[in-house]
Number of protein chains: 2
Amino acid sequence: MDIAALLTSAGINIALCVLLFTLYSVLRKQPSNRIVYFGRRLASVQLRSNDPFSLERFVPSTSWLIKAWETTEDEILTVGGLDAVVFQRILIFSIRIFSIAAVICMFLVLPVNYYGKEMAHKRLGAESLDVFTIGNVQEGSVWLWAHCLALYTISCTTCALLYFLTIGPFIQEYKSITKMRLTHLRGSPTNSSHFTVLVRSIPFVPGESYSHTLKKFFTTYYPSNYLAHQMVHHSGVVQKLMDEAEKMCKMLSAVSSDGRSLKPFCFCTSSTLSFHILSDQPESGDESIRYSDFEIAPPDNVRILTLHAPVLECPVAFVFFKTRFAAVVATQMLQTTNPMLWVTEQAPEPHDVLWSSLSIPYKQLWLRKIATLLAAIVFMFLFLVPVTFVQGLTQLDKLSKTFPFLRGLLKKDYINHVVTGYLPSVILTLSLYTVPPTMMLFSAIEAPISRSGRKKSACLKILYFTILNVFFVNVLSGSVISQLSVFSSVRDIPLELAKAIPTQASFFMTYVFTSGWTGLACELMQLFTFVCNLVKKFILRNYEDAHDWLMAFPYHTEVPRVLLFVLIGFSCSIMAPLILPFLLFYFFMAYLIYKNQILNVYLKKYDSGGLFWPIVHNTTVFSLVLTQIIALGVFGIKDSPVASGFTIPLIVCTLLFSEYCRQRFQPVFKKPAAQVLIDMDREDENGDRFEDIYNRLRTAYCQIQLTSHELRPGLAVTRVNDVAETIPCSGGPKPGSFL
Amino acid sequence: MDIAALLTSAGINIALCVLLFTLYSVLRKQPSNRIVYFGRRLASVQLRSNDPFSLERFVPSTSWLIKAWETTEDEILTVGGLDAVVFQRILIFSIRIFSIAAVICMFLVLPVNYYGKEMAHKRLGAESLDVFTIGNVQEGSVWLWAHCLALYTISCTTCALLYFLTIGPFIQEYKSITKMRLTHLRGSPTNSSHFTVLVRSIPFVPGESYSHTLKKFFTTYYPSNYLAHQMVHHSGVVQKLMDEAEKMCKMLSAVSSDGRSLKPFCFCTSSTLSFHILSDQPESGDESIRYSDFEIAPPDNVRILTLHAPVLECPVAFVFFKTRFAAVVATQMLQTTNPMLWVTEQAPEPHDVLWSSLSIPYKQLWLRKIATLLAAIVFMFLFLVPVTFVQGLTQLDKLSKTFPFLRGLLKKDYINHVVTGYLPSVILTLSLYTVPPTMMLFSAIEAPISRSGRKKSACLKILYFTILNVFFVNVLSGSVISQLSVFSSVRDIPLELAKAIPTQASFFMTYVFTSGWTGLACELMQLFTFVCNLVKKFILRNYEDAHDWLMAFPYHTEVPRVLLFVLIGFSCSIMAPLILPFLLFYFFMAYLIYKNQILNVYLKKYDSGGLFWPIVHNTTVFSLVLTQIIALGVFGIKDSPVASGFTIPLIVCTLLFSEYCRQRFQPVFKKPAAQVLIDMDREDENGDRFEDIYNRLRTAYCQIQLTSHELRPGLAVTRVNDVAETIPCSGGPKPGSFL
């Protein structure tokens, strides 16, 4: 591939980007597209509904870019949560490190590469890209010092930036962010998770309900801190009962037009799972209440359903504690001598709970994890087929030998440029679209307790997949087509990589154009949602904005994507520095566009509290060490023992740095600090806010409200206040609602 | 090697063993050897001091064997602690599993091997040992089914035994053992560790002592459970002060013959670290007390030294809590957002504390760990030199080619038998004697907080070393001499092992004779201590029994040794079943002899609470899987696809079993269970034993008593009672003793 092919590829993508950006800036102003481009805002604020028709709506503008640029980190934190801030920090980090790398490599390494061999240079347009890579440097050249120096600078800067960035948001500024979060969350019921412990695998005691066993255990062993608990029920059964209850209530309101006076208590016997109408009179014995499945208390429009049937209980419950510290103590301790019973973990936030996986027996989980791990590995190897095919395209001479009938077509320069420069990465990008749903499926089979946990697990799987299948296989299979046995000899991999990376630089550049630039433009355009919206509004004639479409930010696809570019950037930096300006442009664009998307499009449904950062940290260190190992290989090939000798201590230091960071930072992401928790508890105690929090706790985790779509909107607004009135919090819990 | 050579080797070792056993049974009856053979009993009970001279003393007897046989597990628990019980269980497990393996393999596999090929068998004495291995089975033979069946039986039995044995001592019987331990420990001050947390890396606050900072932190964040604390001081400084104090006290008692009336308060200024005599009058201000280094309260013969000098403090302290549960909570929590500060861990038992490593800064530890890991790896590879040399000896033809002058000597049959059958394992055994001290040194550099922790770490290192250098290198380098590059291709290792194991069976048999049988006899004889005792008593004419010689049981050498035999047993079982009876005899002997040694020789200085069991469990599963992989290789070589096919699910099932055990048992060995702790706390609370325990706590951890050998004996007896009188426990702690 030569400069001209590169420019063709860049040109196509730039044209596409400009087109999509222009379209976006126009389309976003059309009221019908609001749900597509301002989903988050629509959900939170009531926007002006009908603009007057004006010409301004059809003039492309760049105001959204300026708006995104001006948004501060605090606003992002308020709007998108800590996860969004962490994601922005990844991009800022990338911009910083690759700015420095670009300056050094463009002004020091690139000239060394270009004038590395004594040769007659062609005119720039026809110059092969290989001339700009380290492959062009004479063997044994003293100028390899430049590469070594660049490597040192990049490594040191990366480590320093990484250290201060990790220190930044989580350690030194932790308190301030915690405080921000507290101020932000105090009004909302979302920090209920701090007081809540998810207990799984409650042992079965004959003749006792799980609820009873649990209450006995926690009142015995945590008497001073146990507040209340809430059982989890089999979700299928819950759904069935919900449907019946709906029917029942409709029937009841048909019988009596005034729902209030009838006071419909719907009782069901556990054997039939059906409803009967009982009379209005108060129950005398407890027995009948014990078998009630739903209790419908009917203030206008608000129906609070409380499920209470021992036979439908899973051995899983949310247990509420009186302080944050007590809750964390309960999660950190091993409860009994059998670690498979009474398993406690920090509960996810209420909106984050994945109810469907809670009913899966805890004992299955380790088997499920092994099974999905194996399945993911098999999937990765199956995926080698399209990747190997893609790599065939970059080597046209081999392709035209295999398919002689293509030879005429491929001789045309333009076609040649398109096929070598553009087609491979398009195919790769398209086939990569199948990966996130598959990995999400695997992660769902693992039965994580929270949506954010599922996303994080999928993120890790996609990341491994991307690094293996996009990076390694492309590099290695591209250099020697169909040489899949390259993995058999572990020792040769650095040398193979050192040989392959410079030759594969052109592929990675086109990958940056297609998957990077155009990918961003597509992200901005939200093509899929846009088309769906068009179909719905102009073909199905349904003008209502559907809030179902609103999505959470897809961290599981975007984090691996950005990290892949970081990996490409590092490994190409001193080998083929020409890629760096393009990559830097990508990161800058990504910074603005993702900011815009977080502000306008994606809902913050749940927040993992920045748990993506360790993944980012580890991957960055991995990329850096890989780069150093490849450099070692290259210096070996180029006969520069001095440069090799200087690279080895660099690798050792980087590994030591990584180990230090593991010691220094990892525990913070796994356990909350006692000091912070106790301080928060005391603050709440002094402010007399505990009563409030306890009230909120009792209704925070509601399996029924979340599984039923119809009941939610009505409840979402008034839930907290109504419950505070109906359930006394200081007295003993009501038998029907909390045991 | 043929049967005759094997019998020569067995004969030499049996003769040696009988000789040593006879010697032992006589020597143990001599009063002068009591300290060698009854060290533990001497330390605990006062034995009859002077037997009358009788002939009985010089008649060999087997009474000790019968005594050992009759000792129950409860007695072992009382005498040797849980570690000794666990060690005995390893041997019982080995006896059980290899009895079953021996029966199956001797009656099913051995005949199949012997008649595997149609050949004229020589007379039994001249038969090569190879005839008894799987190497003699025809390729593609249907009889390989026998091997596959034996493998299945052994695997299933092992897993079942392992499961029930692990369940046994720690899960189902845990309560009873816990209760036994409690009854056993209640009278002694050893369970202080349950209430104590070791805090490291206390941050330095300008103008405040570490002690003050610590008190502030724990009274703020654990106000209801914090009891007291005790700073750790720099051990070198403590030793120096101790010596000076001794001098000082001698000087004082020289000045006044009545130590009581002088009431010697020895004060020292922090700058000079020397002592001055102060007057008897009580101090008015706190300042002078602040700088006191020693406070010597002199009831007769008992001197309690309390060190209190801020300048000498390490940022390390033992913090005492009011309940066991509170202490464990403090160890499980991350204290602040900086995981490198306020590091808490469960304190070891007082006798178990390794004071010298407590003063090492916590921040160094991870570097030290990496350094020792690297050093241990380097050591392992350096050790390949003697191992390779040893293997040369087993192949005499090659040796006589290298050294032609030996040819005449080696032609003699007897020399040949000795050199091939005996010398290799003697050299190996001797050079292996350097390993435990080296590994112990490495483990000491890691700065573990307890002696048992150091021993466990050394045990792991020695185990890895043994498996790599004794097992793998012997097997692989023996088959093809000096072929050290065999490790380069990982995939071929199973095949290489499958080829090598049957040919190396003879080496392992002689290893069982020398290192196993004779090693046990040497262990029984305590040769080193015996010679030292002889020299001391009959050359130096010192008839006093020195208690310094009494050692704790060397788990770090004996556990890996037994596990190596387990590994050899498993991997040879279906390949070369002839080894099994010899091995079984070894385990049986080991069971009796180690029981005898635990009863009579070794002191229980500290107890890790059975923490060796996970190592044993994992190694056994590793051995089993390795055996299965080797069997897979052998079945491959022997062209038996059906047997190979049946082995693969076995491997998968064993790995799943191992993973299940990891889930089911590992947490129990890492964290204590809340239920057990709270129950114990309540029991103590109901029995009003807390006051007693608190009193004991305040003097349990004494750095000075332990570092000074001269003060210990006097204190050991009367410490607890005296302290209970001198220090009030319910009131505020004395300023000088506890801050």
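Thresholds applied
- Throughout, residues of each chain are indexed from 1 in the direction in which the sequence is written.
- Following the order in which they are written, the chains are lettered starting with A and the ligands numbered starting with 1.
- For a predicted model such as this one, the threshold for reporting local features is a pLDDT of at least 70, and the threshold for listing and counting side-chain atom pairs is 80 or more; totals across whole chains, interfaces and linings nevertheless cover every residue.
- By the criteria applied, helices consist of DSSP H or I runs no shorter than four residues and strands consist of E runs no shorter than two, each listed in order from the N terminus.
- The exposure label follows from counting other C-beta atoms within 10 Å of a residue's C-beta, where the C-beta atoms are placed from the backbone and the thresholds are 20 or more for buried and 12 or fewer for exposed, leaving partly exposed in between.
- Remark: residues whose backbone-derived C-beta atoms lie within 7 Å of one another are considered to be in contact.
- Note on definitions: a nonpolar core is a set of buried residues drawn from Ala, Val, Leu, Ile, Met, Phe, Trp, Tyr and Cys, linked by C-beta atoms within 7 Å.
- Only when DSSP finds a minimum of two bridges between them are two strands counted as paired.
- Helix axes use the C-alpha atoms of the stretch in contact, all axes being lines fitted to C-alpha atoms, and the angles between their N-to-C directions lie in the range 0 to 180 degrees.
- Basically, the charged four are Asp, Glu, Lys and Arg, the nonpolar ten are Ala, Val, Leu, Ile, Met, Phe, Trp, Tyr, Cys and Pro, and anything else, Gly included, counts as polar.
- When the copies are superposed, the least-squares fit takes in the C-alpha atoms of residues with a pLDDT of at least 70 in both.
- pLDDT is a per-residue confidence score from the predictor, ranging from 0 to 100.
- Should an angle fall under 35 degrees it is taken as roughly parallel, and over 145 as roughly antiparallel, whereas 65 to 115 is taken as roughly perpendicular and any remaining angle as oblique.
- Crossing chirality is assigned from the near helix's rotation relative to the far helix, an anticlockwise turn below a right angle marking it left-handed and a clockwise turn marking it right-handed.

Within chain A, the secondary structure is distributed over 31 helices and eight strands. Sorting the 739 residues of chain A into buried and exposed places 42% on the buried side. Contacts spanning at least 24 positions in sequence make up 81% of the contacts within chain A whose residues lie at least 6 apart.

Here T388 of chain B lies in helix α15 (residues 384–394). Residues T388 of chain B and N474 of chain B, 86 residues apart in the sequence, show an inter-C-alpha distance of 7.5 Å.

Turning to the nonpolar core, a few remarks are in order. Counting 116 residues, the largest nonpolar core has C105, I501, A505, F508, V512, I579 and L583 of chain A as the members making the most contacts within it. With 18 residues, helix α5 (residues 73–114) of chain A is the single largest residue contributor to this core. Apart from the residues within four sequence positions on either side, I501 of chain A is in contact with V475, S571, C572, M575 and I630 of chain A. V112, A505, V559 and I593 of chain B belong to the second-largest nonpolar core, a separate cluster that totals 112 residues.

What follows deals with the sheet that holds strand β2 (residues 226–233) of chain A. Residues and elements named next belong to chain A. Taken in spatial order, the four strands line up as β2-β7-β1-β8 in an open sheet, and their pairing is antiparallel. With one partner strand each, in any of the chains shown, β2 and β8 (343–346) form the two edges of the open sheet. With direction set aside, neighbouring strand axes in the sheet form an average angle of 25°. Relative to strand β7 (residues 313–321), β2 runs antiparallel, the two sharing six bridges. Within β7, the residue paired with H233 across the bridge is E313. Docked against the sheet, helix α8 (residues 210–221) engages β1 (196–200), β2 and β7, running at close to 155° with respect to β2.

At the interface, 28 residues of chain A touch 28 residues of chain B. Elements represented by at least two residues in the side of chain A that touches chain B include exactly α12 (324–332), α14 (365–382), α27 (641–670) and α28 (674–686) of chain A. Examining the composition of the side of chain A that touches chain B, we find that five residues originate from one element, α27 of chain A, more than from any other. The residue inventory of the side of chain A that touches chain B, partitioned by class, reads 16 nonpolar, eight polar and four charged.

Quick look at the relation of the copies chain A and chain B now. For the pair chain A and chain B, the relating rotation is 180°, the translation along its axis is 0.0 Å, and the fit reaches an RMSD of 0.1 Å. Classification of the inter-copy transformation places it as that of a two-fold axis. Interface overlap between copies: 100% of the residues of chain A at the interface are likewise at the interface in chain B, consistent with a symmetric, same-surface contact.

In this section: the confidence of the model for chain A. All names here are of chain A. The predicted model of chain A averages 75 in pLDDT, with 75% of residues at 70 or higher. Long-range and interchain partners of residues 171–190, a stretch whose pLDDT sits below 50, account for 18 contacts in this model, where long-range means more than four residues apart. In this model, residues 258–308 is a region of pLDDT below 50 whose contacts with residues beyond four sequence positions or in other chains number 79 contacts.

Let's shift gears to the packing of helix α22 (residues 493–525) of chain A against helix α24 (residues 555–573) of chain A. All names here are of chain A. Taken N-terminus to C-terminus, the directions of α22 and α24 make an angle of 150°; their axes are 11 Å apart at the nearest point. As far as their axial angle goes, α24 and α22 are roughly antiparallel. When you trace α22 past α24, the crossing you get is left-handed. Packed against α22, whose contacting residues are I501, A505, F508, V512 and G516, the element α24 presents F565, I568, S571 and C572 at the interface. Here the contact of α22 with α24 is composed, by residue class, of seven nonpolar, two polar and no charged.

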